[in-house]
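# Commentary on secondary and tertiary structure
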Number of protein chains: 4
Amino acid sequence: MSLSRDTFGNRAKEQDELEKKLSSFEKYIQSTFAEFIGTALFTFVACLAVSSRDVLSIAFAEGLCIALLCAAFVNISGGHFNPALSFAAAICGAINPILAVLYFVAQTCGAMVGASFVKAVILGDSYHILKGGANQFRGLGVPYDPYDSFHHLNVTPVTAIVVEAILSCLIFTVYLQANIDKKSRSSMGPMAYGFALIVAIISGFHVSGGSFNPARSFGPAVPSGYWDQHYIYWAGPYVGALVSGVMYRLILGDGKKRLIMRD
Amino acid sequence: MSLSRDTFGNRAKEQDELEKKLSSFEKYIQSTFAEFIGTALFTFVACLAVSSRDVLSIAFAEGLCIALLCAAFVNISGGHFNPALSFAAAICGAINPILAVLYFVAQTCGAMVGASFVKAVILGDSYHILKGGANQFRGLGVPYDPYDSFHHLNVTPVTAIVVEAILSCLIFTVYLQANIDKKSRSSMGPMAYGFALIVAIISGFHVSGGSFNPARSFGPAVPSGYWDQHYIYWAGPYVGALVSGVMYRLILGDGKKRLIMRD
Amino acid sequence: MSLSRDTFGNRAKEQDELEKKLSSFEKYIQSTFAEFIGTALFTFVACLAVSSRDVLSIAFAEGLCIALLCAAFVNISGGHFNPALSFAAAICGAINPILAVLYFVAQTCGAMVGASFVKAVILGDSYHILKGGANQFRGLGVPYDPYDSFHHLNVTPVTAIVVEAILSCLIFTVYLQANIDKKSRSSMGPMAYGFALIVAIISGFHVSGGSFNPARSFGPAVPSGYWDQHYIYWAGPYVGALVSGVMYRLILGDGKKRLIMRD
Amino acid sequence: MSLSRDTFGNRAKEQDELEKKLSSFEKYIQSTFAEFIGTALFTFVACLAVSSRDVLSIAFAEGLCIALLCAAFVNISGGHFNPALSFAAAICGAINPILAVLYFVAQTCGAMVGASFVKAVILGDSYHILKGGANQFRGLGVPYDPYDSFHHLNVTPVTAIVVEAILSCLIFTVYLQANIDKKSRSSMGPMAYGFALIVAIISGFHVSGGSFNPARSFGPAVPSGYWDQHYIYWAGPYVGALVSGVMYRLILGDGKKRLIMRD
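Keep in mind that this is a model prediction, so the values were computed, not measured. (Residues numbered from 1 in each chain as written. Chains lettered and ligands numbered in written order. Predicted model: local features only at pLDDT ≥ 70, side-chain atom pairs only at ≥ 80, totals over all residues. Heavy atoms only, no water.)

Each helix and strand counted, chain A has ten helices and zero strands in total. For chain A, with 263 residues in total, the buried portion stands at 67%. Once local pairs closer than 6 in sequence are excluded, the contacts in chain A between residues at least 24 apart make up 74%. (Helix = DSSP H or I, 4+ residues; strand = E, 2+ residues; numbered from the N terminus. Buried < 20%, exposed > 50% of the residue type's maximum accessible area, 1.4 Å probe, protein only. Contact = heavy atoms within 4.5 Å.)

Where a protein is soluble and globular, its nonpolar side chains tend to be buried together. Counting 326 residues, the largest nonpolar core has Ile122 of chain A, Ile122 of chain B, Ile122 of chain C together with Ile122 of chain D as the members making the most contacts within it. Excluding residues that lie within four positions of it along the chain, Ile122 of chain C makes contacts with Leu48, Tyr127 and Leu130 of chain C together with Leu153, Asn154, Val155 and Val207 of chain D. (Core = buried A, V, L, I, M, F, W, Y, C linked by side-chain atoms within 4.5 Å.)

Counting residues at the interface gives 43 residues for chain B, matched by 43 residues for chain A. Where chain B abuts chain A, roughly 3,800 Å² becomes buried across the two surfaces, and 76% of that area is made up of carbon and sulfur atoms. Three residues, Lys183, Met188 and Met261 of chain B, lead the burial of chain B against chain A; their summed loss comes to 17% of the area buried on that side. Counting the contacts that link chain B with chain A gives zero salt bridges. Linking chain B with chain A are nine residue pairs in polar contact (both at pLDDT 80 or more). Counting only elements with at least two residues in the side of chain B that touches chain A, the list comes to helix 3 (55-73), helix 7 (157-180), helix 8 (189-208) and helix 10 (232-252) of chain B. (Buried area = accessible area lost by both parts, 1.4 Å probe. Salt bridge = Lys/Arg side-chain N within 4 Å of Asp/Glu carboxyl O. Polar contact = N/O pair within 3.5 Å; in protein donor to acceptor, adjacent residues only side chain to side chain.)

Before going further, it helps to examine the UniProt feature "transmembrane region" (unreviewed entry) in chain A. Residue and element names in this part refer to chain A. Feature annotation in UniProt assigns "transmembrane region" (unreviewed entry) to the following positions: residues 28-51, 58-78, 84-105, 112-130, 150-178, 190-211 and 231-252. Here residues 28-51 runs as 92% helix and 0% strand, with 36 Å between its end C-alpha atoms. Between the first and last C-alpha atoms of residues 231-252 the distance is 30 Å; the span itself is 95% helix and 0% strand. (UniProt positions renumbered as here; feature names shortened; annotations may be inferred.)

A packed helix pair is summarised by two numbers, namely the angle formed by the two axes and the spacing between the axes. Residues and elements named next belong to chain A. Interhelical geometry of helix 7 (residues 157-180) versus helix 8 (residues 189-208) gives an angle of 175° and a closest axis separation of 9 Å. It follows that helix 7 is roughly antiparallel to helix 8 by the angle criterion. Every residue of helix 8 that contacts helix 7 at Ala160, Val163, Glu164, Leu167, Leu170, Ile171, Val174, Tyr175, Ala178 and Asn179 is listed here: Gly189, Pro190, Ala192, Tyr193, Ala196, Leu197, Val199, Ala200, Ser203, Gly204, Val207 and Ser208. In the contact of helix 7 with helix 8, the residues fall into 16 nonpolar, five polar and one charged. (Axes fitted to C-alpha atoms, helices over the stretch in contact; angles between N-to-C directions. Parallel < 35°, antiparallel > 145°, perpendicular 65-115°, else oblique. Nonpolar A, V, L, I, M, F, W, Y, C, P; charged D, E, K, R; others polar.)

A word on the pattern of salt bridges. Pairing of side chains with opposite charge becomes possible as their charged atoms draw close. All names here are of chain C. Applying the stated criterion to the full structure yields seven salt bridges over all chains. The residue Arg216 makes a salt bridge to Glu62 at a minimum N-O spacing of 3.2 Å. In this pair, Arg216 sits in helix 9 (residues 214-224) while Glu62 sits in helix 3 (residues 55-73), placing the two residues 154 residues apart along the sequence. No difference in accessibility class separates Arg216 from Glu62, as the two residues are buried.

With that out of the way, let us pick up helix 8 of chain A. Residues and elements named next belong to chain A. Taking 1.5 Å of rise per residue, 20 residues should cover 28 Å, and helix 8 covers 26 Å from first to last C-alpha, within 8% of that figure. For helix 8, the tally of buried residues reaches 20 of 20 residues, placing the bulk of the element in the interior. Following helix 8 by one or two positions, Gly209 has its phi on the positive side, about 90°. (Expected span 1.5 Å × (residues − 1).)

Note on the identical chains: chain D maps onto chain A by a rotation of 90° and an axial translation of 0.0 Å, with an RMSD of 0.0 Å. Here the transformation between the copies is reduced to the relation of a four-fold axis. Residue by residue, only 14% of the interface of chain D is reproduced at the interface of chain A, so the copies engage with different surfaces. (Least-squares fit on C-alpha atoms with pLDDT ≥ 70 in both.)

Listed as interface residues are 43 residues of chain D and, on the opposing side, 43 residues of chain A. Summed over both sides, the interface of chain D with chain A buries roughly 3,800 Å², with 76% coming from carbon and sulfur. Inspection of the chain D/chain A interface yields zero salt bridges. Here chain D is connected to chain A by nine residue pairs in polar contact (both at pLDDT 80 or more). Looking at the side of chain D that touches chain A, the elements that each hand over two or more residues are helix 2 (17-49), helix 3 (55-73), helix 5 (97-121), helix 6 (124-129) and helix 8 (189-208) of chain D. A per-element tally of the side of chain D that touches chain A places helix 2 of chain D first, with 13 residues.

Let us look at unusual backbone geometry. Residue and element names in this part refer to chain B. The backbone of Lys131 sits at a positive phi, close to 50°, despite the residue not being glycine. Phi at Phe212 is positive, roughly 65°, even though this residue is not glycine. Structurally, Phe212 is set in the loop between helix 8 and helix 9 (214-224). A relative accessible area of 1% places Phe212 in the buried class.

Residue and element names in this part refer to chain C. Mapped onto the secondary structure, Ala200 falls in helix 8 (residues 189-208). You can call Ala200 buried: its relative accessible area is 0%. Linking Ala200 and Lys119, residues 81 residues apart in sequence, is a C-alpha distance of 26 Å. Dropping the residues within four chain positions of it, Ala200 is found in contact with Leu167, Ile171, Phe205 and Phe212.

A word on helix 10 (residues 232-252) of chain C. Among the residues of helix 10 of chain C, those classed as buried are Ile232, Tyr233, Gly236, Pro237, Gly240, Ala241, Ser244, Gly245, Met247, Tyr248 and Leu252 of chain C. Along the axis of helix 10 of chain C, the buried positions cluster into a sector of 165°, meaning they face one direction only. (Arc of directions from axis to C-beta.)

All names here are of chain A. Evaluation of the coordinates by the stated rule reveals 36 aromatic pairs over all chains. Taking 6.3 Å as the distance between ring centres and 70° as the angle between the ring planes, the aromatic pair formed by Phe73 and Phe81 counts as edge-to-face. Residue classification places Phe73 among the buried residues on the basis of a relative accessible area of 2%. In textbook terms, an aromatic cluster arises when at least three aromatic residues are bridged by ring pairs, as seen for Phe87, Phe104, Phe218, Trp227, Trp234 and Tyr238. (Phe/Tyr/Trp six-rings, centres within 6.5 Å; stacked < 30°, edge-to-face > 60°.)

Bringing a nonpolar patch on the surface into the picture now. Residue and element names in this part refer to chain A. A surface patch of nonpolar side chains, about 490 Å² in accessible area, is lined by Phe87, Leu242, Val246, Leu250, Leu259 and Ile260. If you tally residues by element for the nonpolar patch, the top one is helix 10 (residues 232-252), at three residues. When you line up the elements, Leu259 lands in the segment after helix 10. (Patch = residues over 30% accessible without salt bridge, like charges linked within 9 Å, V, L, I, M, F, W, Y side chains within 5 Å. Areas by Shrake-Rupley, 256 points an atom, 1.4 Å probe, with all protein chains shown as cover.)

For the rest of this paragraph, the subject is the packing of helix 4 (residues 83-91) of chain C against helix 5 (residues 97-121) of chain C. All names here are of chain C. Two numbers describe how helix 4 lies on helix 5: the axes approach to 9 Å, and their chain directions differ by 175°. By the criterion of interaxial angle, the relationship of helix 4 to helix 5 is roughly antiparallel. In contact with Pro83, Ser86 and Ala90 of helix 4, helix 5 contributes Ala100, Tyr103, Phe104 and Gln107. Partitioned by chemical class, the residues of the contact of helix 4 with helix 5 number five nonpolar, two polar and no charged.

Within the secondary structure, Arg185 of chain D sits in the loop between helix 7 (157-180) and helix 8. Here Ile180 of chain D takes part through its backbone oxygen, which lies 3.4 Å from a polar atom of the side chain of Arg185 of chain D.

Put into C-alpha cells, the structure is as follows:
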C-alpha cells in the first residue's frame, strides 16, 4: 500500500518509455477521473440526503460516503473529493501542484454534474423546498421557512466562517496524519477521514449548514441558483486547509515532511 | 488474504485429483451455499427492520448487515448477496460466468426463504401493514396510507430508476475498487461495501424505497404479493452494474483488468 | 495475532514446567476473568442504555460495546461475553469444553454483577419503570404501560423464539467466520461481531426485545425480579448456536474444522 | 507501528547526540503539541455538538472525534486527549510520569482554548442556553429548564460518580488492551477507544451528562461559569482510571506489564 501511494508523488527515473506512458495514464488520467466521478457521486448523495430532514442522517450519508470513496480510491488518487483538501495536500508535498489544479477542475465539474442529476430526478416543488441540497447558513436572521424543521443559533456569517475553518482544520489534519504521514498513517486512514466529516456536520450543521468542502457547496448552487452567503463555504475551508498544512509542516509532520528539526 | 481471494478466480493446473475435488467443493458448493444463507439472513433482517419505521434504523440494519456478511464471507464467495453485483463482478472478470449464474439462483432463492420466514413470525395485520418488508416506490402519486409516516417527494418511476442506477453504481464501484482491484483493495473493503448501502438508503429511501438489490426486492414480493413498480428494482441495479463494470474495465481498473493502457 | 489465538486452543507439549504454569494462568484465569469483567461491563451498559428510550441508541450502545470488548479481548479469551456463543465455539472446536463451562459461570455471574450495579445507581421509580433494563417480549398481548413508547407487533412467544434463533444464528455465524475460521478471519472480526448485534437489535427489538444473549437477559432478571417470558432468551440463542455450529461443521468451515470434504 | 509506539516509552542508549535531539523533539514537543491541539479540537466539537439537542448525535460527535483523533495521533502521542487516561497509562508504564504531567497541562489548556472558541462563535442567549456545552448532572432535583428536552432519572451526585467511574473503567480498559497491550493490541485500537466513548455517552448521558474526561468538563466550565456538581467529572474518571490501571497490572496485562505471574 505504501508503495502505490508513493507512485503519484515521485517515481524512479530509470523506468523505460512504455512504463512511463502507462504511469502517466495512472498518474494523471485515472486519478483525475477518480476525483471527478467520486466528487460527482458524493455531491449527488449529499444533496439527495437533505431530503431526510434529519441532521444525523445527513451527517452519516455525507461522512460515510467520503469514508468509502476514500477507501476505494486512496491508492489511485489519494481520495480527496475536496479542492481545499487537495490544496492542503499540495502544501504538504503529498501531491504536485499540477495535479492539485487538475483535481480542482475535476472536483468542481464533478460536483456540478452530481448536483444537476439531483435536479433531473427530484421534480418541481420538492427540488425548490430542498434548495437543490445547497448548504444554508443557519443564523437567526434568515427568513422564516415553514418547511425547515431545523433550529437556529445566534451566529453571524463571520462566526460561521470561523466554525467552517476550525472544523475543516480538524478534517484535513486527520486526513494528513492518517493517510499521508509516514509515521502515523494506517489502514484506518480513509475511515478516519470520513468519520471527521460526520463529526464536523453534527457539530457545525446548526451554524453554517456543515459543508467543509467548496465543491460540495458550489455544485448545487449552480443548478438551484441558491447563492446566499456562498462565500462562507470557500473562505472557511481554505483557511482551515492553510492552517492544517502549516501546522503539519512546522510541528506534526514526519521527519521528512517537517520543515524544522528534520531527520 | 489476497491468496485465498484468487482461489475462486483461477487455479494452477498442476494440482492433483484429490485437491481438485476439494477445491471444487470450496469453489462451487461452499461459495454458493454462503451466498444462499447470507442472502436469506440479509433479506430476513432487511424486511424485519422495516418494523422500526425509521429510515436511519433501516439504513443501518441493511448496510451493517451487508458489511458483516461480506467481512465473514469475502474469502469464501466474494460476499456479494446481490445478483446485480455478481453481474458486475462477472463483467470485470472477478468471478466466472458459471458461478455468476449459480449465485443468481442461490441469491433469489435465499431471499425468498428469508422473506417467507418474516411471514411466519409477524402475524396478521402487522405483516400486511409492513407489506412484508417489500420496497415501496415513494412518489407523490401513491395511495394514502395512514400507517406510513415517511414523507414523499415529487418523483416518477423513471426518476426512481435513475436514482437506483446511480446509487447502485456507487455501491458496485466501491465494491470493485475496495475488494477486487489489485491496486486499491484493502482489509476495509467489506466495511466500505456495507457503508455504501447505508449511504444509498439514507439518500434514496424517499425516492425509490432504497433497494439497490433485485434479490432483496424480489424475496418479499413473493410471499406478500406486493408487486407495485417492481420493475424499478431490476432495471435500476442492473443499469448501475453495467455502468460500474464498464467504467472499471475502461478507466478505473488495475493494469491487468483494464482493457486499455494495460501493463 | 493468529498465533496468540491458537494459544487458548491447544499448545505444543514440549514446553517446560514454568511456562506451563504461566500459560495455565493466561489460558484459564486471565481468560475467564476477561469474560467475567467484560460481561459485567456489557450488561451494565446494556441495562443503562434502556434509559435512552430509543431503539437505535440501544442497538448502538449494546452492539458497539460488544465490538470494542471483543477487539480488546479477542486474543485473551476469544471475546465472547455470551454463553450461547461459547457453546457454538465449543461445538466448532475453537475452545475446549472445560473452558466453555468456566466461561458460562463467569458470564452469568458477571451479568448479575453488572445488573446489580444498575440497581445501585438508578433509584426508586426510575429503576422499576426501566424494569432494571431486562429484555421484554413486545407482542400485542402484553399489558399496557404508559411509560413504554415503543410500538408492538402481532407476534407470539413462539415466533419470538424463532426470531431470536435466526438472528442469533446470524451473529454466531459471523463470529465463527470472521474470528475463528482460518480462511476468512480478519482484523475486522471483532467489529463484524459487534455490528451483527446492532443489526439484530434493530430488526428484532419490536418482537422479542432483542437479547440474543442468555447472560444479558438473566443478569437484570435477578435484581429486578422481571421474569416474564424469560425462557425466550435461553431457547432462542441456544437453538441459534446449535444451527450455526452445525452449519459451520458441515459446510462453511475451513478444511480442518469441516467434518466432510476435509483437506 | 509497534516500533514507533515504543519510541515514546524507552529508547536504545546507543543513539548519537543529533538523533537524541531529534527524538526529544518528537518525544516531548511534538507529542505534547498533538495532545494540546487534539484536545482543543475535541472540546470544540463536543461543546458545539450539544446544539444538536439529541443524545445519539452528541454521542457520535464525541466518540467518533476521539476515534479519528486517536487514529491520527496514536503513533505520535498515544492519542489520549484525556488526563485520566494519561494517568491510567502512566500506572501501566505505557508513558513516563514526566510526559503524563506535560500531557495534563496540554490537555487542560487545550480544552479551555477549544471551549473559548465556542464562546466566540455562538453568541448571546444561544451560548447561555447551551451552558457553553458544559456537562450537566441530570438528576431529578435539578431546577426546571424549559429549553432542556432530555428526561431525568432518579439519581444522586454519588451514583453519578459511580456511573462515571464504571464507564470510564470500560473506556480505559479498552484503550489499554487494544492500543498498548502486546498480546491484544491491533489496528482497530483507536476505533475501539472512540466507540467506547459512544457507548458510554448513550448509557450515561441521562445520569451524569456523560463526560468521562476531566479536561472536556473543565474546559467549558471556565468560559461559561457553569460549575454545578463539577467534582463529579474529576472524581469519577480518576477512580475509573485507578481501577482499570490496577486491574491491568494484576490480571489483564501481557507477560511483561503484569506484576504477578510474569513471563
